[in-house]
Amino acid sequence: MGFGWFLVGYFFVSVMSLYSPLSFAMLAGYPMMIFGLWQLAPYQRYFRASFFFSLLSLPFALYYALYGLGQLGFSLPTVNGIFATVEWIYFAFSVMFTALWLFAILSLCRELRHEMLLGRAVRSLFLFAATHLLDLIARLPIGFVQANAGYFVLPVLLGRLLLIFLNLYLIYGCYRYICPEGEEFSHLQAEGEIEKMKDQAKEGKGE
């Protein structure tokens, strides 16, 4: 159905890139997420919107791959001169992209009436909003903020780490309870499948 590809891709993009030299993993992670969203697109309109929006990730994946490989000592075209600008643009992209696919999962769980996964999605969205709001404040080019930037580092870092864990937990839950068993790597026909997914979701509520 797509959640498996999306889960692995998200791990590459979010976990491995925490260590900047491993940012080259984005070059594999984002295509996996795109492929996962393409498979999910027939089931929920916000997944379709997430798929089209995710195509904008490819230039960032290439940029951070070059940056990461450069950090590892490879002789590659320099990207350091535009790092600050790209960081701001990527921050804006990642906020919109993450909000979009999280809302897509929330909407699907609401349609399936899967309360457990719906609760996880709401929790991830709440922490996502709080963490990125704090991160945005820390990035503002204001004298007072920059003079006290150190106070934001730990809360933002802990928030990001917790958010990554909760998102992985959420996506895995979708893979386990929503994905039709044995059909993860096939592109299913959307028509009629939503009823099957609802039945499987009801069975998974009690687990």
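Residues numbered from 1 in each chain as written. Predicted model: local features only at pLDDT ≥ 70, side-chain atom pairs only at ≥ 80, totals over all residues. Heavy atoms only, no water.

> Account for the overall build of the protein, naming residues and giving values.
Across its full length, the protein holds nine helices and zero strands. Listed N to C, the secondary structure of the protein is α-α-α-α-α-α-α-α-α in terms of helices and strands. Each of the 207 residues in the protein was classed as buried or not, and the buried ones make up 44%. Long-range contacts, defined as pairs at least 24 residues apart, comprise 73% of the intrachain contacts of the protein with a sequence gap of at least 6. Roughly 10,900 Å² of accessible area belongs to the protein as shown, and the carbon and sulfur atoms make up 68% of that amount. (Helix = DSSP H or I, 4+ residues; strand = E, 2+ residues; numbered from the N terminus. Buried < 20%, exposed > 50% of the residue type's maximum accessible area, 1.4 Å probe, protein only. Contact = heavy atoms within 4.5 Å. Areas by Shrake-Rupley, 256 points an atom, 1.4 Å probe, with all protein chains shown as cover.)

> Before we move on, can you summarise the environment of Trp5 with the specific residues and values?
Here Trp5 is to be found in helix α1 (residues 3-15). The spacing of Trp5 and Met32 is 27 residues in sequence and 5.5 Å in space, taken between C-alpha atoms.

> So what's going on with the nonpolar core? Which residues, and what values?
Counting 45 residues, the largest nonpolar core has Phe3, Tyr30, Trp101, Ile105 and Ile178 as its most contacted members. Broken down by secondary-structure element, the contributors of at least two residues to this core are α1, α2 (26-40), α3 (45-54), α4 (57-71), α5 (83-112), α6 (115-139) and α8 (150-177). Here this core gets twelve residues from one element, more than from any other, and that element is α5. (Core = buried A, V, L, I, M, F, W, Y, C linked by side-chain atoms within 4.5 Å.)

> Let's hear about the side chain of Arg120: which residues, and what values?
Mapped onto the elements of the fold, Arg120 is located in helix α6. In this structure, Arg120 is in contact with Tyr169, Leu170 and Gly173, ignoring residues within four places of it in sequence.

> Requested: an account of the packing of α6 against α8, with residues and values cited.
Look at α6 against α8: their axes get within 9 Å of each other, and the N-to-C directions meet at 155 degrees. Here α6 is positioned roughly antiparallel relative to α8, judged by the angle of their axes. Crossing of α6 over α8 shows left-handed handedness. Of the residues belonging to the contact of α6 with α8, the class tally is 18 nonpolar, six polar and four charged. (Axes fitted to C-alpha atoms, helices over the stretch in contact; angles between N-to-C directions. Parallel < 35°, antiparallel > 145°, perpendicular 65-115°, else oblique. Left-handed = near helix turned anticlockwise from the far one by under 90°. Nonpolar A, V, L, I, M, F, W, Y, C, P; charged D, E, K, R; others polar.)

> With reference to specific residues and values, describe unusual backbone geometry.
Phi angles above zero are rare outside glycine, and Arg113 is one such case at about 55 degrees. The topology assignment puts Arg113 in the loop between α5 and α6. On the basis of relative accessible area, Arg113 is assigned to the exposed category, the value being 57%.

> Got a sec to walk through α1? Specific residues and values, please.
In this model, α1 (13 residues) spans 17 Å end to end at C-alpha, consistent with the 18 Å of a helix rising 1.5 Å per residue. Residues of α1 that are buried: Phe3, Gly4, Phe6, Leu7, Gly9, Tyr10, Val13 and Ser14. (Expected span 1.5 Å × (residues − 1).)

> Describe the layout of surface pockets, naming the residues involved and giving the relevant values.
Looking at the largest pocket, its volume works out to about 950 Å³. Around the largest pocket, the lining comprises 34 residues; the ones closest to its centre are Leu18, Tyr90, Asp135, Arg139 and Arg160. Sorting the residues of the lining of the largest pocket by element identifies α1, α2, α4, α5, α6 and α8 as the ones contributing at least two each. Across the lining of the largest pocket, the residue classes break down as 21 nonpolar, nine polar and four charged. (1 Å grid on protein atoms, 1.4 Å probe; cavity = no way out; pocket = protein on both sides within 12 Å on 5 of 7 lines; lining within 4 Å. Points joined across faces, edges and corners; volume = space filled by probe spheres on them.)

> Let's hear about the packing of α2 against α4: which residues, and what values?
Closest axis-to-axis distance for the α2/α4 pair is 8 Å, and the angle between their directions is 160 degrees. The angle between α2 and α4 places the two elements in the roughly antiparallel class. α2 and α4 meet at a crossing whose hand is right-handed. Taken together, the residues of α4 that come into contact with α2 (itself represented by Met26, Leu27, Tyr30, Pro31 and Ile34) are Ser57, Leu58, Ala61, Leu62, Tyr64 and Ala65. Here the residues of the contact of α2 with α4 are counted per class, giving ten nonpolar, one polar and no charged.

> Please give an account of the side chain of Ser17 that cites residues and values.
Mapped onto the elements of the fold, Ser17 is located in the loop between α1 and α2. Look past the residues within four positions of Ser17 in its chain and what remains in contact with it is Phe12, Leu22, Ser23 and Met26.

> For α4, give the residues involved together with the corresponding values.
Given 3.6 residues per turn, any residue in an α-helix points the same way as the ones three and four places further on. Taking 1.5 Å per residue, 15 residues should reach 21 Å; α4 reaches 21 Å between its end C-alpha atoms and fits that length. Buried within α4 we find Ser57, Phe60, Ala61, Tyr63, Tyr64, Ala65, Tyr67 and Gly68. Gly73 lies just past α4 and shows a positive phi near 105 degrees.

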